[in-house]
Structures are given as C-alpha cells and as structure tokens.
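Below are the chains, spelled out letter by letter.
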Amino acid sequence: MPGRKELPSTLERSPKEAQETWIKAHDSAVETYGEGERAHRTAFSALKHSFEKVGDHWEKKAARGPSDKQAEKSTPKAGKTAEGVDANASKQHLYDVATRLGIPGRSRMTKEELVDAIKKANRRATSKAR
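Residues numbered from 1 in each chain as written. Predicted model: local features only at pLDDT ≥ 70, side-chain atom pairs only at ≥ 80, totals over all residues. Heavy atoms only, no water.

Chemist: Sorry if this is basic, but what is going on with the packing of aromatic side chains here?
Modeler: The geometry of an aromatic ring pair is captured by two quantities: the separation of the ring centres and the angle between the planes. Taken as a whole and judged by the stated rule, the model has two aromatic pairs. Aromatic side chains Trp-22 and Phe-44 sit 5.9 Å apart centroid to centroid with 65° between the ring planes, which places their arrangement in the edge-to-face category. Of this pair, Trp-22 sits in helix H3 (residues 16-33) while Phe-44 is found in helix H4 (residues 37-47), placing the two residues 22 residues apart along the sequence. Judged by relative accessible area, Phe-44 falls into the partly exposed class, the value being 23%. Ring pairing ties together the aromatic residues Trp-22, Phe-44 and Trp-58, which thus form one cluster. One cation-aromatic arrangement involves Arg-38 over Tyr-33; the distance from NZ or CZ to the ring centre is 3.9 Å. (Phe/Tyr/Trp six-rings, centres within 6.5 Å; stacked < 30°, edge-to-face > 60°. Helix = DSSP H or I, 4+ residues; strand = E, 2+ residues; numbered from the N terminus. Buried < 20%, exposed > 50% of the residue type's maximum accessible area, 1.4 Å probe, protein only. Lys NZ or Arg CZ within 6 Å of the ring centre and 35° of its normal.)

Chemist: How should I be thinking about the pairing of strand E1 (residues 51-54) in this particular structure?
Modeler: Residues Phe-51 and Lys-53 line one face of E1 and the alternating positions Glu-52 and Val-54 line the opposite face, and both faces are buried. Hairpin connection between E1 and strand E2 (residues 57-60): a loop of two residues separates the two successive antiparallel strands, and Gly-55 in this loop has a positive phi of roughly 70°. (Pairing = 2+ DSSP bridges.)

Chemist: Honestly, the confidence of the model for the protein chain in this entry has me stumped. Any pointers?
Modeler: Should pLDDT be low for a region, the predicted coordinates there are not to be read in detail. Confidence in the prediction for the protein chain averages 91 pLDDT; 95% of positions are at 70 or higher. Mean pLDDT across the elements of the protein chain bottoms out in helix H1 (residues 2-5) (74) and peaks in helix H5 (residues 91-100) (98). (pLDDT = per-residue confidence, 0-100.)

Chemist: What am I meant to see in H4 here?
Modeler: Along H4, the positions that sit buried rather than exposed are Ala-39, Thr-42, Ala-43, Ser-45 and Leu-47. Close packing links the buried residues of H4 with helix H2 (9-12), H3, E1 and E2. (Contact = heavy atoms within 4.5 Å.)

Chemist: What should I look at first to understand the packing of H3 against H4 in this one?
Modeler: For any two helices packed against each other, the geometry comes down to the angle between their axes and how far apart the axes lie. Where H3 contacts H4, the two axes come as close as 8 Å, and the packing angle between them is 145°. For H3 against H4, the interelement crossing comes out right-handed. Along its contact with H3, which presents Ala-18, Thr-21, Trp-22, Ala-25, His-26, Ala-29, Val-30 and Tyr-33, the element H4 presents Arg-38, Ala-39, His-40, Thr-42, Ala-43, Phe-44, Ala-46 and Leu-47. (Axes fitted to C-alpha atoms, helices over the stretch in contact; angles between N-to-C directions. Left-handed = near helix turned anticlockwise from the far one by under 90°.)

Written out as structure tokens, the structure is:
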C-alpha cells in the first residue's frame, strides 16, 4: 500500500485507527486521482471527520463530522484549512484543548482566536517532534 510508505509523521504518533483511516482514504484517492497533492488532501479530509490534531498527533473526536469548511467538501481544493483543529467544535472544547497545550491568554480569546492559537501550538509541537 502506498499510503503506509507516505504516512505523515503526525500520524505515526497517532492511534492505529487514525493511521488506517488516512491510509485507506489515501490509497482510494490514489486509485481515483493518481498520486500527489489531491490524494493527500482527500486523505486528510477523511481523517478530519473522525480525528483532530492536538499537538504533534491526532486524537479521536467525541462526535464524527467535518472539522472545518474545507473538510466539508468531498474533494477539497487547495486552500485555507484549520490544519486539523476541530474548528466546528464548541468554544469550550477548543478552550480545553488550548489548556492541554498550555496556550497563554486562552480565557480571553474568541473561538476564532482559539483555533488560530491551537494551530500555532500544533505547528510548534510537530516541528519539535521531528
């Protein structure tokens, strides 16, 4: 399976179920669209329906569903995403994730600011883990 060879590092640190979701969606997309960026976008879109990125790995979401406007599309185009943050979650959930990530000033942030702060914290954690 080509998806196993191309598994992103964040998924290597994630539960088996997240890995299998990404691999299955990636390999199916490769059959449909060919290898490349579109297959990866499709795989991440599928992953974001059941998992959210927290720090340097992916965790199962409490409820299944798209995590952002891009993930709502069946074949997402390149564009702005929430980078795995569950932007459709409640503000309380985002606050709880921000707390786990140690984001300062989180109690005064809007929902959109929490999403942005979590994205930045996730990027930092991922780059440290490499």
